[in-house]
Amino acid sequence: MSFFKANSFADVLKHILVILVVVFMLLGFFFFVYLPSTTNHGETISVPKITGMTLPEIEDYLDDQNLRYYVSDSSYNPGIKPYVILSQDPVPGAKVKENRKIYISVNMKNPPIIKMPKLVDGSLKNAQMILKSYDLMVGEITYVPDLAQNAVLKQFVKGKEIKPGDPVAKGSVVDLVVGDGEGNTEFDVPNVVGMPVDEASVLLVGQGLQIGSINYVQEAGKPNGSVVRQRPVAGQGAKIKVGQLVDIWVNGPEPVQGLEE
């Protein structure tokens, strides 16, 4: 025990020096021997490429390389097999320590359920854009007589009419019933032959019909500006529907556009 006795100031300094040496040796052992052996300090491995593989395949594959994985995200793509790895972080080739966790996104087996958007009363073009934004597919488009041209009247999934807000699987095919711009009611084709073109136009539009092409011809003995022919022809039980077109032929020269009278 005489070593620890301090008979002079020099003995005190000697004791302090010994203590410092011991402390530095312990610190050196901890940082340069113990810590590297437990944490593999300075040792790295390359991250393998696991995108395109499936979850069951990477279980043992990553375990053999002293790596782990964590599913951080998932999505659904019907064109890709279930449980396929879509992305990974860190990327392939990155240097990491052993036992590092690889964050992955996986393709789901079943599509997620979403709420059916409202397509009815909107245009067909708008419905197609909405379906695309919801990751839904445009299916069969059926046109039926209706005055609302290209307006969506009904929406179906797997043959069943579906309402806005009803649950539907992402990627589902949505069939649409669309108006063709023509009504259901049939009536006799009105006869406008012999009428001035402006009166004929008023009559046709007033009955819910559309003016088709206006053709100008020269026929002797007929008043200028009068209708000399029409298509479809009136009479003999000819029928027409609301919204359909009627072409007319007018006697006289074609008016010059923009010419002031």
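What you see is a predicted model; the values in this text were computed from it and never measured. (Residues numbered from 1 in each chain as written. Predicted model: local features only at pLDDT ≥ 70, side-chain atom pairs only at ≥ 80, totals over all residues. Heavy atoms only, no water.)

Here the focus is the sheet that holds strand 5 (residues 101-107). Strand order in the open sheet formed by three strands is 2-5-3, with mixed pairing between adjacent strands. Each of the sheet's edge strands pairs with one partner strand only, and the pair in question is strand 2 (68-75) and strand 3 (85-89). Going from strand to strand, the sheet's axes swing by 25° on average, the running direction of each strand aside. Packed onto the sheet, helix 2 (residues 55-64) meets strand 2, strand 3 and strand 5 and runs at close to 160° relative to strand 2. (Pairing = 2+ DSSP bridges. Helix = DSSP H or I, 4+ residues; strand = E, 2+ residues; numbered from the N terminus. Axes fitted to C-alpha atoms, helices over the stretch in contact; angles between N-to-C directions. Contact = heavy atoms within 4.5 Å.)

Spatial strand order, 13-16-14: three strands in an open sheet with mixed pairing. A single partner strand is all that each edge strand has here, and the edge strands are strand 13 (210-217) and strand 14 (227-231). Sheet twist, expressed as the mean angle between neighbouring strand axes with direction ignored, is 20°. Two elements, strand 13 and strand 16 (residues 245-251), share six bridges in a ladder whose sense is parallel. Counted as the bridge partner of isoleucine 211 is valine 246 from strand 16. Packed on one face of the sheet, helix 4 (residues 197-206) meets strand 13, strand 14 and strand 16 and runs near 170° to strand 16.

Attention now moves to the environment of serine 123. You can see serine 123 is positioned in the loop between strand 6 (113-115) and helix 3 (124-133). Residue classification places serine 123 among the partly exposed residues on the basis of a relative accessible area of 36%. For the pair formed by serine 123 and glutamine 149, sequence separation is 26 residues and the distance between their alpha carbons is 8.4 Å. Setting aside its immediate chain neighbours within four residues, serine 123 contacts Asn150, Ala151 and Val152. In this structure the side chain of serine 123 is engaged in a polar contact, spanning 3.1 Å, whose partner is the backbone nitrogen of asparagine 126. (Buried < 20%, exposed > 50% of the residue type's maximum accessible area, 1.4 Å probe, protein only. Polar contact = N/O pair within 3.5 Å; in protein donor to acceptor, adjacent residues only side chain to side chain.)

Another point: the side chain of asparagine 251. Checked against the element boundaries, asparagine 251 lands in strand 16. Residue asparagine 251 is classed as buried on the basis of its relative accessible area, which comes to 3%. A polar atom in the side chain of asparagine 251 sits 2.7 Å from the backbone oxygen of lysine 222. Sequence-distant contacts of asparagine 251, that is, excluding residues within four places in its chain, are made with Val217, Gln218, Glu219, Lys222, Pro223, Asn224, Gly225, Ser226 and Val228.

Turning next to unusual backbone geometry. Note on backbone geometry: most residues besides glycine have negative phi, and most peptide bonds are trans. Put simply, aspartate 89 and proline 90 share a cis peptide bond, and its omega is 5°. Checked against the element boundaries, proline 90 lands in the loop between strand 3 and strand 4 (95-96). Between arginine 231 and proline 232 the backbone carries a cis peptide bond, its omega angle lying at 5°. Residue position: proline 232 is located in the loop between strand 14 and strand 15 (239-241). Phi is positive for asparagine 99, close to 70°, though the residue is something other than glycine. The topology assignment puts asparagine 99 in the loop between strand 4 and strand 5. Given the relative accessible area of 46%, asparagine 99 is considered partly exposed. A positive phi angle, close to 55°, is found at glutamine 236, a residue other than glycine. Here glutamine 236 is to be found in the loop between strand 14 and strand 15. The exposure class of glutamine 236 is exposed, given its relative accessible area of 89%.

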